Amino acid sequence: PRARAAAFRTAFGAHDLLWGISHRTSTDELISTAPILTVSPPRFTEHGTGLFIHDDWTLIPERLQLGLGARWEDSKLGGTTFAPGATLMWTPSRGQNLWAKLARAPRVPARGEYHFSAITTVVPPTTLIRTRTPQRDLDPETMDSLELGYRTHVAAGLNLNLTAYRQRYRDRVSGEMTGIVPFPPYTIMDIAVCNCAGGWINGVELAADWLVTPNGRLQLSLTTTQIDMDTALTPVAANENSNQEKR
């Protein structure tokens, strides 16, 4: 792989602006053995070009700051993606911060999701699950996130963070059944890769950062997370969920 990047920073008035450009190229060539693994095409070159910009805007000196940013990227597999983000930070007093953050993060399809067909799972006694290349173009997955946080300086060297977040996932790469192929003494169930899943993740995290000595730091965190993902179109996941419900 080859990568090139350049970044520039400038400050004017109440703004601190960072922007840049990047480009990467990677090539691979793989040998496969059907039907266990098939790679088509065996040789592939990926290109990706990105632009980003971020501005830290001081609305009220030492009290209120707004961060605005975005990244645009174009790649051979993922097409064009756009990732905006905004963070509002309030500092009511020294040692306290409150913030709210909105962001979108895309994930482009990997070469393995586009070009690999492989037997990935064995369902006893004689069923094999084969994940196949998509029957239509894949879209980038997207995750939209809302985060609210509070940080306080409790004592010398001790800080506490409380963060709550909610994340929405769309166009997650999953699979849908497309057919059954005899392969004595086994039966192969074909699952085509597709953008056919989504869901939500909600969570709260409490974290402590304690500088015990000048050379020693103790960090502790407690997180509770609720995951609600749609896996109904993925036979393996649906089978696992069914077994869990029976237990």
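Residues numbered from 1 in each chain as written. Predicted model: local features only at pLDDT ≥ 70, side-chain atom pairs only at ≥ 80, totals over all residues. Heavy atoms only, no water.

## Structural notes on the overall build of the protein chain
Broken down by element type, the protein chain carries 2 helices and 13 strands. For the protein chain, whose C-alpha radius of gyration is 24 Å, the value lies well above the compact-globule estimate of 18 Å for 247 residues. Along the longest, intermediate and shortest principal axes, the C-alpha atoms of the protein chain span 70 × 50 × 35 Å. With 247 residues in all, the protein chain has 27% of them scored as buried. Counting only contacts in the protein chain whose residues sit at least 6 apart along the sequence, the fraction spanning at least 24 positions is 53%. (Helix = DSSP H or I, 4+ residues; strand = E, 2+ residues; numbered from the N terminus. Rg over C-alpha atoms; globule rule 2.2 N^0.38 Å. Buried < 20%, exposed > 50% of the residue type's maximum accessible area, 1.4 Å probe, protein only. Contact = heavy atoms within 4.5 Å.)

## Things to note about the confidence of the model for the protein chain
Looking at the protein chain, pLDDT values average 89 and 93% of them are 70 or higher. In this model, residues 239–247 is a region of pLDDT below 50 whose contacts with residues beyond four sequence positions or in other chains number 1 contact. (pLDDT = per-residue confidence, 0-100.)

## Brief notes about the nonpolar core
Membership of the largest hydrophobic core is limited to 6 residues, which are F44, L77, Y114, L138, V173 and V193. In this structure, Y114 is in contact with L77, P109, T133, P134, D137 and L138, ignoring residues within four places of it in sequence. (Core = buried A, V, L, I, M, F, W, Y, C linked by side-chain atoms within 4.5 Å.)

## Some words on the packing of aromatic side chains
Counted by the stated rule, this structure contains 1 aromatic pair. Here the basic side chain of R166 rests over the ring of W200, its NZ or CZ set 3.9 Å away from the ring centre. (Phe/Tyr/Trp six-rings, centres within 6.5 Å; stacked < 30°, edge-to-face > 60°. Lys NZ or Arg CZ within 6 Å of the ring centre and 35° of its normal.)

## Describing the side chain of T91
With respect to the helices and strands, the residue T91 is situated in strand β6 (residues 79–93). Polar side-chain contacts of T91 include one of 2.9 Å to the side chain of N97. Here T91 is in contact with E62, R63, Q96 and N97, once residues within four sequence places are set aside. (Polar contact = N/O pair within 3.5 Å; in protein donor to acceptor, adjacent residues only side chain to side chain.)

## Some details on the pairing of strand β12 (residues 186–213)
Relative to β12, strand β9 (residues 127–132) runs parallel, the two sharing 6 bridges. In the sheet register, L128 faces β12, and the bridge partner there is I188. Hairpin connection of strand β11 (residues 158–183) to β12: 2 residues between the antiparallel strands. When β12 meets strand β13 (residues 216–229), the two strands line up antiparallel, connected through 14 bridges. Considered in β13, the bridge of A207 is made with S221. In sequence, β12 turns back onto β13 through a hairpin of 2 residues. (Pairing = 2+ DSSP bridges.)

## Points about a nonpolar patch on the surface
On the surface, a nonpolar cluster with roughly 410 Å² of combined accessible area is contributed by W57, L59, I60, L68 and L88. A per-element tally of the nonpolar patch places strand β4 (residues 43–60) first, with 3 residues. With a relative accessible area of 43%, I60 lands in the partly exposed category. (Patch = residues over 30% accessible without salt bridge, like charges linked within 9 Å, V, L, I, M, F, W, Y side chains within 5 Å. Areas by Shrake-Rupley, 256 points an atom, 1.4 Å probe, with all protein chains shown as cover. Salt bridge = Lys/Arg side-chain N within 4 Å of Asp/Glu carboxyl O.)

## Here we look at the state of the cysteines
Enumeration over the complete set of coordinates arrives at 1 disulfide. Disulfide partner of C194: C196, at an S-S distance of 2.0 Å. Given an S-S torsion of about 60°, the disulfide between C194 and C196 has right-handed geometry. Here C194 matches C196 in class, with each residue buried. (Disulfide = S-S within 2.5 Å.)

## Topic: the pattern of salt bridges
Overall, the coordinates contain 12 salt bridges when judged by the stated rule. E29 is the salt-bridge partner of R43, the closest N and O atoms lying 3.4 Å from each other. Residue R43 is located in strand β4, and its partner E29 is located in strand β2 (residues 15–29); the two are separated by 14 residues in the primary sequence. Among the ionic pairs, D209 bridges to R217, the shortest N-O distance being 2.8 Å. When salt bridges with common partners are traced through the structure, they connect R24, R71 and E73 into a single cluster.

## Points about the environment of S26
Looking at the element boundaries, S26 is found in strand β2. Once the C-alpha coordinates of S26 and P1 are considered, the two residues, 25 residues apart in sequence, prove to be 4.1 Å apart. Apart from the residues lying within four places of it in its own chain, the contact partners of S26 are P1, F44, T45 and E46.

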